[in-house]
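# Examining the three-dimensional arrangement
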Amino acid sequence: MLRTSRIKELELRAAKIRKKTLEIIYLAKSGHTGGSLSCIEILTVLYFHVMNIDPKNPKKDDRDRFVMSKGHSVEALYTTLASAGFFEDSLLDTYGSFKSPLAGHPINKIPGIELNTGALGHGLSFGVGVSLAAKMDKKTFHTYVLMGDGELDEGSVYEAAMAASHYRLDNLVAIIDRNRLQISGRTEDVMTLEPLKPRWEAFGWQVFEVNGNNIEDLIKMFDSLDYTNKKPKLIIARTTKGYGVSFIEGVAKWHHGVPDEEQFKIAMAEIDEQIQKLEGS
């Protein structure tokens, strides 16, 4: 049985990651705020509950692999990696600075990052290759790929989806951050994606839907996965873009918007209130 204290612990960690993510975007005066905030609960559950990883040995052979295919939301990934202990928190404050190793998209020179990403539509293909190699080498690790929903406009995603089903890659889990907004507006206005579930089931995937901003629901979902059923898995994580900051939530311009000084103060106050409530509980 899942302990309430464990859920609260991860909710608190997610709130602190959210606060730091917004801080580094504000300091850098650059970043993808909306998509970073929408996927923080997903990253928190993966890195602190699901994946077999070791920050002290980030290249260990049997580690689970994570691919941030929506690489423009790198701020959330950097902050999660620092929280997990892959590098010092102080490095985060260099983001956006001259000669900082933290680039505007993930690069694999940073501990904990498997692949340079940001060219949307490539992450799932890489995940398929890694998962197939694991099967061929009789390795037991799992691969997790986080995609944006706007990314699903790319045809390469569906080529990878077919290959994953063909090779029965039950060690592969793809997650869609389904916040329904992309750089140019609502996803359904740009390119209709629904119905997502039957579409991916037709490709031969086992498909789940979950509230992607709810820690408890995410834990239950990941804990229920069957990695032996010969089917790749897709989790449609229904999220809110800009989750956790009232004036950013669900607003398309915050795809790559950066808060000004007054907006930053308001956002910090909102997140601090969330943190205080969680610490009090």
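Before going into details, it helps to say that this report is about the structure given with it. No experiment lies behind these values; they were computed from the predicted model shown.

### Details of the overall build of the chain
- A count of helical and extended segments in the chain gives ten helices and seven strands.
- The globule rule puts the C-alpha radius of gyration for 281 residues at 19 Å, and the 18 Å found for the chain is close to it.
- Principal-axis analysis of the C-alpha atoms places the extent of the chain at approximately 50 × 45 × 45 Å.
- Considering the chain as a whole, with its 281 residues, one finds that 52% of them fall into the buried category.
- For the chain, the computed accessible surface area is about 12200 Å², with 51% contributed by carbon and sulfur atoms.
- Of the side-chain charges in the chain, 35 are positive and 38 negative, and the distance between the mean point of each set is 4 Å.

### Here's the deal with the pairing of strand E2 (residues 143-148)
- With six of its six residues buried, E2 lies for the most part within the structure.
- Between the parallel elements E2 and strand E3 (residues 172-178), the chain passes through helix H6 (residues 155-166) in a crossover that is right-handed.

### Section: the sheet that holds E2
- Across the sheet, which stays open at both edges, the five strands sit in the order E1-E2-E3-E7-E6 with parallel pairing between neighbours. Where the open sheet ends on each side, the last strands, each with one partner, are strand E1 (65-68) and strand E6 (206-211). Strand after strand, the sheet turns through a mean of 20 degrees between neighbouring axes, direction not considered.
- Relative to E2, E1 is paired through four bridges, and the arrangement is parallel. Each residue of the ladder has a partner; that of Phe-66, found in E2, is Tyr-144.
- Relative to E6, helix H9 (residues 215-223) is tilted by about 165 degrees, and along the sheet it contacts E2, E3, E6 and strand E7 (233-238).

### So, helix H5 (residues 123-136)
- Here H5 is 14 residues long and its end C-alpha atoms lie 20 Å apart, about the 20 Å a rise of 1.5 Å per residue gives.
- Looking at H5, one finds that the buried residues are Gly-123, Leu-124, Gly-127, Val-128, Val-130, Ser-131 and Ala-134.
- Looking at the buried residues of H5, the elements they touch are E1, E2, H6, E3 and helix H8 (196-202).
- Positive backbone phi, at 60 degrees, marks Lys-138, one or two positions downstream of H5.

### Some thoughts on the packing of helix H3 (residues 40-50) against helix H4 (residues 74-84)
- Packing of H3 against H4 brings their axes to within 10 Å, and their N-to-C directions diverge by 30 degrees. Considering the angle they form, H3 stands roughly parallel to H4. For the pair H3 and H4, the sense of crossing is right-handed. Contact with H3, carried on its side by Ile-40, Leu-43, Tyr-47 and Phe-48, involves Ala-76, Leu-77, Thr-80, Leu-81, Ser-83 and Ala-84 of H4 and no other residues of that element.
- Residues of the contact of H3 with H4, tallied by class, amount to eight nonpolar, two polar and no charged.

### Observations regarding the nonpolar core
- Grouped together as the largest cluster of nonpolar side chains are 59 residues, with contacts concentrated most on Leu-46, Tyr-47, Phe-66, Tyr-78, Ile-175, Phe-222 and Ile-235.
- Of the residues forming this core, the biggest block, ten residues, is contributed by helix H1 (residues 4-28).
- If near-sequence neighbours (up to four positions away) are discounted, Leu-46 is found in contact with Met-51, Phe-66, Tyr-144, Ile-175 and Phe-222.
- In terms of nonpolar packing, the next biggest core, distinct from the first, is built from 22 residues, Val-145, Val-157, Leu-196 and Ile-236 among them.

### Some thoughts on H1
- With 25 residues, H1 should reach 36 Å at 1.5 Å per residue; the first-to-last C-alpha distance of 36 Å fits that figure.
- Just past H1, the residue Lys-29 takes up positive phi, approximately 55 degrees.

### Some words on the side chain of Arg-6
- Within the secondary structure, Arg-6 is located in helix H1.
- By relative accessible area, which is 18% here, Arg-6 ends up buried.
- If sequence neighbours within four positions are ignored, Arg-6 has contacts with Phe-48 and His-49.

### Let's talk about the packing of aromatic side chains
- With the rule as written, the count across this model stands at ten aromatic pairs.
- Where Phe-247 meets Trp-254, the ring centres are 5.8 Å apart and the plane angle is 65 degrees; that geometry is what we call edge-to-face.
- Its relative accessible area of 26% is what places Phe-247 among the partly exposed residues.
- An aromatic cluster of at least three residues, connected via ring pairs, comprises Tyr-158, Trp-200, Phe-203 and Trp-205.
- The cationic tip of Arg-65 hangs over the ring face of Phe-141; the distance from NZ or CZ to the ring centre is 3.8 Å.

Thresholds, definitions, all that
Residues numbered from 1 in each chain as written. Predicted model: local features only at pLDDT ≥ 70, side-chain atom pairs only at ≥ 80, totals over all residues. Heavy atoms only, no water. Helix = DSSP H or I, 4+ residues; strand = E, 2+ residues; numbered from the N terminus. Rg over C-alpha atoms; globule rule 2.2 N^0.38 Å. Buried < 20%, exposed > 50% of the residue type's maximum accessible area, 1.4 Å probe, protein only. Areas by Shrake-Rupley, 256 points an atom, 1.4 Å probe, with all protein chains shown as cover. Lys, Arg positive; Asp, Glu negative; His and termini not counted. Charge placed at Lys NZ, Arg CZ, Asp CG, Glu CD. Right-handed = clockwise from strand over helix to strand, strands pointing away. Pairing = 2+ DSSP bridges. Axes fitted to C-alpha atoms, helices over the stretch in contact; angles between N-to-C directions. Contact = heavy atoms within 4.5 Å. Expected span 1.5 Å × (residues − 1). Parallel < 35°, antiparallel > 145°, perpendicular 65-115°, else oblique. Left-handed = near helix turned anticlockwise from the far one by under 90°. Nonpolar A, V, L, I, M, F, W, Y, C, P; charged D, E, K, R; others polar. Core = buried A, V, L, I, M, F, W, Y, C linked by side-chain atoms within 4.5 Å. Phe/Tyr/Trp six-rings, centres within 6.5 Å; stacked < 30°, edge-to-face > 60°. Lys NZ or Arg CZ within 6 Å of the ring centre and 35° of its normal.

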